[in-house]
Amino acid sequence: MDAYVGKTRVRLLQGDITRQDTEAIVNAANSSLMGGGGVDGAIHRAGGPQILEECKEIVARQGRLPTGEAVLTSGGRLAARYVIHTVGPVWQDGRHGEPELLRNAYYNSLSLAKKHGIRSLSFPSISTGAYRFPIEKAARIALSTVCDFLKEHAFDEVRFVLFSEKDLRVYEEAWLEISDS
Ligand code: ADP
């Protein structure tokens with residue numbers, strides 16, 4: 001899927017986020033910023049130790065990263081120049097502020113990218129792996145948050161990189177729902 005929201009190209013594709021050539025990629029990190037499984041582990045493995053070093057400095061300075069917030073490091077050996085680390089919510093039952101916190105994770109990542117003059121970035125499907133956020137709901141929140149942001153601020157490109165074909169289909173479906181409404 002390939003579309004424009006204002007001047008920004010929005011793409012949904014299946015792939016590995018560590019291989020994207022956007023200026024920044026977003027990491028679905030945890031509050032410790034010490035790496036982990038899933039996309040977080042993949043980014044640290046592919047990017048090398050520099051990213052973890054910078055994460056440690058951030059934690060030493062400001063402590064653990066609260067859910068919904070975002071911070072920036074370099075991309076180490078990645079093609080991407082920067083990694084934006086954000087923490088999505090762990091899904092409990094949807095009544096513990098999970099939708100709002102997921103929205104914050106996307107919104108604060110986009111704001112941080114803008115603040116640093118970043119022109120293109122790739123998102124994974126935040127919170128829908130180990131954090132168990134139902135992907136149909138998460139996809140709608142992800143895409144609507146990004147679309148709303150793009151109505152106010154333009155990038156060259158925003159990419160959603162879904163790991164499986166099934167996840168890509170869910171995001172494509174959510175995109176159609178959002179563009180209809
Ligand atoms: P969270 O803890 O926020 O749920 P996970 O990393 O467990 O984060 O999962 C988030 C999503 O990232 C899942 O859909 C998972 O399949 C996907 N994922 C895992 N590795 C990669 C990768 N290399 N590129 C893109 N997406 C990935």
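In this text, all values refer to a predicted model and were calculated from it rather than measured experimentally.

Regarding helix α2 (residues 49–62)
The first and last C-alpha atoms of α2 sit 20 Å apart over 14 residues, in line with the 20 Å expected at 1.5 Å per residue. Note on α2: the residue one or two positions beyond its end, G63, has a positive phi of about 80 degrees.

Some remarks on the pattern of salt bridges
Once their charged atoms are close, side chains differing in charge can pair, the charge on each being opposite to the other. Inspection of every chain in the model, using the stated rule, returns 10 salt bridges. Between D156 and R119 there is a salt bridge, with its nearest N and O atoms 3.0 Å apart. Of the two residues, D156 sits in the loop between α4 (135–152) and β7 (157–162) while R119 sits in the loop between α3 (98–115) and β6 (120–123), which places them 37 residues apart along the sequence. Here R159 ties to E157 by a salt bridge, and the two come within 2.6 Å at their closest N and O atoms. In this pair, the class of R159 matches that of E157, namely buried.

Topic: the packing of aromatic side chains
Aromatic rings considered in pairs are described by the distance between their centres and by the relative angle of their planes. Applying the stated criterion to the full structure yields seven aromatic pairs. Taking the centre distance of 5.6 Å and the plane angle of 25 degrees together, the rings of F123 and F160 count as stacked. Linking F123 in strand β6 with F160 in strand β7, this pair joins segments that are 37 residues apart in sequence. Classification of F160 by relative accessible area gives buried; the value is 0%. The structure contains a cluster of three or more aromatic residues connected by ring pairs, namely Y106, F123, F160 and Y171. The ring of F155 has K114 sitting right over it, with the charged end atom 4.8 Å from the ring centre.

As for α4
Between its first and last C-alpha, α4 extends 26 Å over 18 residues, near the 26 Å set by a 1.5 Å rise per residue. All of the buried residues along α4 are I135, A138, A139, I141, A142, L143, S144, T145, V146, C147, F149 and L150. Turning to α4, the residues buried within the fold contact β1 (2–5), β2 (8–14), α3, β6, β7 and α5 (165–180).

Let's talk about the side chain of S31
On the secondary structure map, S31 appears in the loop between β3 (24–29) and α1 (38–47). Within polar-contact distance, the side chain of S31 engages the backbone oxygen of L65 at 2.8 Å. Setting aside its immediate chain neighbours within four residues, S31 contacts R64, L65, T67 and V87.

Thoughts on the site of the ligand
Taken together, 16 residues sit near the ligand, with D16, V39, S127, G129 and A130 positioned nearest. I17 is positioned with one of its backbone polar atoms (N or O) 2.9 Å from a nitrogen atom of the ligand. At a separation of 3.5 Å, an oxygen atom of the ligand approaches a polar backbone atom of T128. Protein chains bury 88% of the 560 Å² of accessible surface belonging to the ligand in isolation. Considering every element that reaches the shell around the ligand, the biggest residue donor is α1, with three residues. Its residues placed into classes, the shell around the ligand shows eight nonpolar, six polar and two charged.

Definitions and cut-offs
- Residues numbered from 1 in each chain as written.
- Predicted model: local features only at pLDDT ≥ 70, side-chain atom pairs only at ≥ 80, totals over all residues.
- Heavy atoms only, no water.
- Helix = DSSP H or I, 4+ residues; strand = E, 2+ residues; numbered from the N terminus.
- Expected span 1.5 Å × (residues − 1).
- Salt bridge = Lys/Arg side-chain N within 4 Å of Asp/Glu carboxyl O.
- Buried < 20%, exposed > 50% of the residue type's maximum accessible area, 1.4 Å probe, protein only.
- Phe/Tyr/Trp six-rings, centres within 6.5 Å; stacked < 30°, edge-to-face > 60°.
- Lys NZ or Arg CZ within 6 Å of the ring centre and 35° of its normal.
- Contact = heavy atoms within 4.5 Å.
- Polar contact = N/O pair within 3.5 Å; in protein donor to acceptor, adjacent residues only side chain to side chain.
- Near = heavy atom within 4 Å.
- Areas by Shrake-Rupley, 256 points an atom, 1.4 Å probe, with all protein chains shown as cover.
- Nonpolar A, V, L, I, M, F, W, Y, C, P; charged D, E, K, R; others polar.

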